[in-house]
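Chains, contacts and geometry: an overview
So the chains spell out like this:
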Amino acid sequence: MSEGALRHDLPEPDAFTRTYWEAAAQGRLLLRRCADCGRAHHYPREFCPHCWSDDVTWEPASGHATLYTWSVVHRNDLPPFGERVPYVAAVVDLAEGPRMMTEIVEPGAAGLRAGMAVEVAFRDGVPVFRGAAVQAAEK
């Protein structure tokens, strides 16, 4: 990919999501938690999507999750995704409760199974996930 080329994989933070993306750039995953109903949610919103309260605050997520579902993407014309195919688009259940769309970077699709433990990793300040056994083996 050429220098300065348009990228569709990097966030465009706004005034509200800037906190989330700045934390991700530092290798920290944040969630929002509602003080009224106690539930966490992701993607960050200014209000609780469960009870509509605006009494929500940022909190660090553990980074632990389980793989809910995934799909192997074999074609994507948007840069830089075309250079990454095939890649695994996935939905994970975070330990704190919310579901999150993401990418699984390890293991490859053949090594995935529903319910497997995954942990957050970061690529270019964007949260992605990999198998917890992969990270444990690296430690």
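Each remark here, short or long, concerns the structure printed above.
Quick look at the structure, then. Given the structure is predicted, the values throughout are model-derived calculations rather than measurements.

Considering the sheet that holds strand 8 (residues 126–131)
Overall, mixed pairing links the five strands, which are arranged 4-5-6-8-7 in a closed barrel. Across this sheet, the average inter-strand angle for adjacent strands is 50°, counted without regard to direction. Sheet topology places strand 5 (residues 87–94) next to strand 6 (residues 99–106); six bridges connect them, and they run antiparallel. Residue pairing across strands places valine 92 opposite methionine 100, the latter belonging to strand 6. Against the sheet, helix 1 (residues 18–25) makes contact with strand 6, strand 7 (117–123) and strand 8, and its axis sits at roughly 50° relative to strand 8, the strand it touches most.

Observations regarding the pattern of salt bridges
Opposite charge on two side chains lets them pair, provided their charged atoms get close. With the rule as written, the count across this model stands at five salt bridges. Here arginine 33 makes a salt bridge to glutamate 59, at a shortest N to O gap of 2.9 Å. Here the residue arginine 33 occupies a position in strand 1 (residues 30–34), and glutamate 59 occupies one in strand 3 (residues 56–60), the gap between them amounting to 26 residues. One salt bridge in this structure joins arginine 75 and aspartate 77, with 3.5 Å as the shortest N-O distance. On the basis of relative accessible area, arginine 75 is assigned to the exposed category, the value being 68%. Using a relative accessible area of 60% as the deciding quantity, one classes aspartate 77 as exposed.

Here is what the cut-offs are and how they apply
- Residues numbered from 1 in each chain as written.
- Predicted model: local features only at pLDDT ≥ 70, side-chain atom pairs only at ≥ 80, totals over all residues.
- Heavy atoms only, no water.
- Pairing = 2+ DSSP bridges.
- Helix = DSSP H or I, 4+ residues; strand = E, 2+ residues; numbered from the N terminus.
- Axes fitted to C-alpha atoms, helices over the stretch in contact; angles between N-to-C directions.
- Contact = heavy atoms within 4.5 Å.
- Salt bridge = Lys/Arg side-chain N within 4 Å of Asp/Glu carboxyl O.
- Buried < 20%, exposed > 50% of the residue type's maximum accessible area, 1.4 Å probe, protein only.

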